[in-house]
Amino acid sequence: CDMKGARFGVTLPQFTSDPEVVLEGARRAEAAGLDSIWLFDHLWPLGNKKYRPIFESWTTLAYIAARTERVLVGTLVTRSSLRHPAVLARMAATASLVADGRLIVAIGSGDAKSRSENLGFGMPYFEPDERAEQLSGVVEIVRRTLNGQEVAYRDRFNAVDFLPNAPGMSCPVWVGGRSDETLEVAGRLGDGWNAWGSTPAEFARDAGIVVEAAAGRPIELSWGGVLVMDRSDEEAVAKAGGTKPGRVVGSSDTVRTHLEALIDAG
């Protein structure tokens, strides 16, 4: 079917203690012709089952990148508060070489759901009025590093006095999130933007803010979320355990209609 040039990807199964499960998911996605595979960035799974096994995103990304050939690999999204920006920048530069130019670094600030995780692991948690500035600084540091620049940067939340030119390859840096402040950061600094779980109408509204902030600079717009498909709408709803706002659940025709609405929204 013609989906107007859109590219499609999947997140990988990180809730496991077997690396072969993650690798098999990546290889199946690549063999199926999907365009990208993604890893989320949490130190424990969200929800009530925090003692499930979970693979850390960046070490897993390098492992997957070394064992795939064509598919793009990325983080959806790496959290700006979980690592010092100089460490994150060097990790991204290293992964860009392992992925041989197939890396997309998507960065987000997290939200209130991240509070217990950050504090539980001794990481800083930033309040809503602080997140955009902290995120902006991290994006700046990572972008400059991936562009082969020496980095010196300071703001209220980030301090890098000297980060020498790191071996790596230039690759896109996306910003993920839906607050108005994050949308402005995405448009101003990002090569791309990702919205998680928005409806087509919400996506259109948010994308307008991103594009306006980009001021004519090209930027890639993307949507991520939970998608459950089966032979009929009823079977898909049963498989998903019901419907929730922002989820795409239904038959192939229902899913296609929803995805086309998102594409039309930007």
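Engineer: Can you help me understand the environment of M169 in this one?
Structural biologist: Note that M169 resides in the loop between strand 6 (159-163) and strand 7 (173-176). Classification of M169 as partly exposed rests on a relative accessible area of 29%. When the C-alpha positions of M169 and G148 are compared, they lie 7.9 Å apart, and in sequence the two are 21 residues distant. Setting aside chain neighbours within four positions, we find M169 in contact with A93, S96, L97, D100, G101 and L146.

Engineer: Just to check I follow, could you spell out helix 1 (residues 19-31) for this structure?
Structural biologist: In an α-helix, one turn spans 3.6 residues; hence positions three or four apart end up facing the same way. In this model, helix 1 (13 residues) spans 18 Å end to end at C-alpha, consistent with the 18 Å of a helix rising 1.5 Å per residue. Every buried residue of helix 1 is listed here: V22, L23, G25, A26, A29 and E30. Along the long axis of helix 1, the arc covered by the buried residues comes to 155°, so they all point the same way. For helix 1, the exposed residues lying more than 90 degrees away from the buried face are R28 and A31. In this structure, the buried side of helix 1 is in contact with strand 1 (9-11), strand 2 (36-39) and helix 2 (57-65). Its side-chain oxygen at 2.9 Å from the backbone nitrogen of E20, D18 defines the N-terminal cap of helix 1. One or two positions beyond helix 1, positive phi appears at G33, with a value near 90°.

Engineer: Would you mind going over the sheet that holds strand 8 (residues 192-196) with me for this structure?
Structural biologist: Strand pairs in the sheet, formed through backbone hydrogen bonds, run parallel or antiparallel to each other. Taken in spatial order, the seven strands make up an open sheet running 1-2-3-4-7-8-9, and their pairing is parallel. Here the strands that pair on one side only, and so sit at the sheet edges, are strand 1 and strand 9 (220-224). Taking each pair of neighbouring strands and ignoring which way they run, the sheet shows an average axis angle of 25°. Contacts between helix 5 (residues 128-146) and the sheet are confined to strand 4 (103-108) and strand 7, with strand 4 contributing the most and set at about 160° to the helix.

Engineer: I keep staring at the environment of V71 and nothing clicks. Help me out?
Structural biologist: Its location among the elements puts V71 in the loop between helix 2 and strand 3 (72-79). Taking the relative accessible area as the measure of exposure, V71 reaches 0% and is therefore buried. Linking V71 and A95, residues 24 residues apart in sequence, is a C-alpha distance of 14 Å.

Engineer: Which parts of the structure should I look at to understand the environment of G110?
Structural biologist: Checked against the element boundaries, G110 lands in the loop between strand 4 and helix 4 (115-120). With relative accessibility at 24%, the residue G110 sits in the partly exposed group. A C-alpha to C-alpha distance of 9.5 Å links G110 and L135, two positions 25 residues apart in sequence. If sequence neighbours within four positions are ignored, G110 has contacts with R79 and R131.

Engineer: Explain the packing of helix 5 against helix 6 (residues 180-189) to me, please; I cannot follow it from the model alone.
Structural biologist: For any two helices packed against each other, one specifies the inter-axial angle together with the distance between the axes. Two elements in contact, helix 5 and helix 6, have axes separated by 10 Å at closest approach and are oriented at 20°. In this view, helix 5 runs roughly parallel relative to helix 6, as classed from their interaxial angle. Seen along the crossing, helix 5 lies across helix 6 with a hand that is right-handed. Touching A132, L135, S136, V139, E140 and R143 of helix 5 are E181, T182, V185, R188 and L189, all from helix 6. Each residue belonging to the contact of helix 5 with helix 6 can be placed in one class, and the counts come to five nonpolar, two polar and four charged.

What counts as what
- Residues numbered from 1 in each chain as written.
- Predicted model: local features only at pLDDT ≥ 70, side-chain atom pairs only at ≥ 80, totals over all residues.
- Heavy atoms only, no water.
- Helix = DSSP H or I, 4+ residues; strand = E, 2+ residues; numbered from the N terminus.
- Buried < 20%, exposed > 50% of the residue type's maximum accessible area, 1.4 Å probe, protein only.
- Contact = heavy atoms within 4.5 Å.
- Expected span 1.5 Å × (residues − 1).
- Arc of directions from axis to C-beta.
- Polar contact = N/O pair within 3.5 Å; in protein donor to acceptor, adjacent residues only side chain to side chain.
- Pairing = 2+ DSSP bridges.
- Axes fitted to C-alpha atoms, helices over the stretch in contact; angles between N-to-C directions.
- Parallel < 35°, antiparallel > 145°, perpendicular 65-115°, else oblique.
- Left-handed = near helix turned anticlockwise from the far one by under 90°.
- Nonpolar A, V, L, I, M, F, W, Y, C, P; charged D, E, K, R; others polar.

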